[in-house]
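Structural overview
Residue strings, one per chain:
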Amino acid sequence: MLKKFNLAFLVFLLLISCERDSEFSNGSGNYNHTRSVGSSANDLLNNSTYNALVIEILYMPGYAPDANAIELVKNFLSTFLKKEGGISIIQKEIAGATSASLSVEDIRSIENSSRTAFTNGSAMAVSIIYTNGQYYANASTLGIAYRNTSIALLGKTIHDHSGGFGQVSRTKLEATVLEHELGHLLGLVDLGSQMQVNHKDAANGNHCDNKNCLMYYASETTDILGFLNTNNIPQLDTNCKGDLTANGGK
């Protein structure tokens, strides 16, 4: 009876594994890209197992990344990540979503069918999707982190609130949202990079309690617009930097 149970349990585990791996066609790689946000923080930060990072940006028509924002984000990552093999960014246009309102499940499905860069060998891979829709749960949301190596920017919402006369700079807004969501992949705040000092904003989930910090909740919503109109892109505060260093970053 015990042997039969063990065999059934093994088959069950194999079925789960196959279902998980079938979400992506990641070739010879076997890295699990479907874990929770922050669970790959140490792999992203340190240089011991993966000494390079590849970022694949998948953008929908009309929502190509701002070139200056991408350079700022690359500098941001170079500041905190130990990647002696370098950080490279590739971009690819994908088909636009047919719905103007996208759920997390919608975005996951888009990634499943469009992502081509996966962690393999000595290189980590991260996926960033620029959508042509808004976030169904909250129209003020500018970006989300939804898997351990996956984030999305709500392109239409960002475009609607930046780059025009009297509006905040597109570069500043886009870079702020990108860096904030990447900060979550790096385990901030309390998502995988352990807090050295308690600085979690209990009222706003996994965010910093410092209003001037990049990881303050406002950086991923339209609440950040007023700040960016008169200030530069917010930076990580001392506590957030300390968490990254303690988890293998610079």
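In this text the structure is predicted, and so the values were computed from the model without any measurement. (Residues numbered from 1 in each chain as written. Predicted model: local features only at pLDDT ≥ 70, side-chain atom pairs only at ≥ 80, totals over all residues. Heavy atoms only, no water.)

**Digging into the pairing of strand S2 (residues 87-93)**
Across seven bridges, the pairing between strand S1 (residues 52-59) and S2 is parallel. In the strand pairing of S2, Leu53 is matched with Ile87. Handedness of the S1-helix H3 (residues 67-80)-S2 crossover: right-handed. (Pairing = 2+ DSSP bridges. Helix = DSSP H or I, 4+ residues; strand = E, 2+ residues; numbered from the N terminus. Right-handed = clockwise from strand over helix to strand, strands pointing away.)

**A look at the pattern of salt bridges**
Pairing is possible between side chains that carry opposite charge, provided their charged atoms lie close to one another. For the structure shown, the criterion picks out five salt bridges. We note a salt bridge from Glu105 to Arg108, for which the minimum N-O separation is 4.0 Å. Taken together, the residues Glu105 and Arg108, both in helix H4 (residues 104-114) and three residues apart, mark about one turn of the helix. Among the salt bridges present, the one from Arg147 reaches Glu111, with a minimum N-O distance of 2.9 Å. With Arg147 in strand S6 (residues 143-147) and Glu111 in helix H4, the pair connects residues that are 36 residues apart, well separated along the chain. A relative accessible area of 3% places Arg147 in the buried class. (Salt bridge = Lys/Arg side-chain N within 4 Å of Asp/Glu carboxyl O. Buried < 20%, exposed > 50% of the residue type's maximum accessible area, 1.4 Å probe, protein only.)

**Regarding helix H8 (residues 238-246)**
Turning to H8, its buried residues are Cys240, Asp243 and Leu244. The buried side chains of H8 occupy one side of the element, clustering within an arc of 95° when seen end-on. Considering only its buried residues, H8 is in contact with helix H2 (41-45) and H3. A distance of 3.2 Å separates the backbone nitrogen of Asn239 from a side-chain oxygen at the start of H8, and that oxygen is part of Asp237. (Arc of directions from axis to C-beta. Contact = heavy atoms within 4.5 Å. Polar contact = N/O pair within 3.5 Å; in protein donor to acceptor, adjacent residues only side chain to side chain.)

**Description of unusual backbone geometry**
Geometrically, the link from Leu188 to Val189 is a cis peptide bond, its omega value of -10° lying close to zero. By the secondary structure assignment, Val189 is in the loop between helix H6 (170-185) and helix H7 (225-230). A positive phi is found at Asp190, a non-glycine position, where the angle reads about 65°. Tracing the sequence through the fold places Asp190 in the loop between H6 and H7. Given a relative accessible area of 35%, Asp190 falls into the partly exposed group.

**Some words on the side chain of Glu174**
Relative to the helices and strands, Glu174 is located in helix H6. Lacking a salt bridge, the buried Glu174 has Arg170 as its closest oppositely charged neighbour, with an N-O distance of 5.4 Å. In terms of polar contacts, Glu174 uses its side chain to reach the side chain of Tyr130, at 2.7 Å. Not counting chain neighbours up to four residues away, the residues in contact with Glu174 comprise Pro65, Asp66, Ala69, Tyr130 and Leu153. (Lys, Arg positive; Asp, Glu negative; His and termini not counted.)

**Notes on H4**
Note: α-helices contain 3.6 residues per turn, so residues at a spacing of three or four share the same orientation. Taken as a whole, H4 has its buried residues at Val104, Ile107, Ile110, Glu111 and Ser114. One side of H4 holds all its buried residues, which, seen down the axis, span an arc of 120°. Facing away from the buried surface of H4 by more than 90 degrees, the exposed residues are Glu105 and Ser113.

**Considering the nonpolar core**
If you look at the biggest cluster of nonpolar residues, it comprises 46 residues, and the most contacted ones within it are Leu53, Leu77, Ile128, Leu173, Met215 and Leu236. Listing elements by their share of this core, those giving two or more residues are H2, S1, H3, strand S4 (123-130), strand S7 (150-153), H6, H7 and H8. Dropping the residues within four chain positions of it, Ile128 is found in contact with Ile55, Glu56, Ile57, Leu58, Ile151, Leu153 and Leu178. In terms of nonpolar packing, the next biggest core, distinct from the first, is built from 13 residues, Ile94, Val104, Ile129 and Tyr135 among them. (Core = buried A, V, L, I, M, F, W, Y, C linked by side-chain atoms within 4.5 Å.)

**Focus on the confidence of the model for the protein chain**
Summarising the model, the protein chain shows a mean pLDDT of 91, and 89% of its residues fall at 70 or more. Taken together, the stretch residues 1-22 has pLDDT below 50 and engages in two contacts with residues farther than four places along the chain or on a different chain. (pLDDT = per-residue confidence, 0-100.)

**With respect to the environment of Cys240**
With respect to the element layout, Cys240 can be found in helix H8. Judged by relative accessible area, Cys240 falls into the buried class, the value being 0%. Apart from residues no more than four positions distant in its own chain, Cys240 is found in contact with Leu188, Val189, His199, Cys208, Cys213 and Met215.

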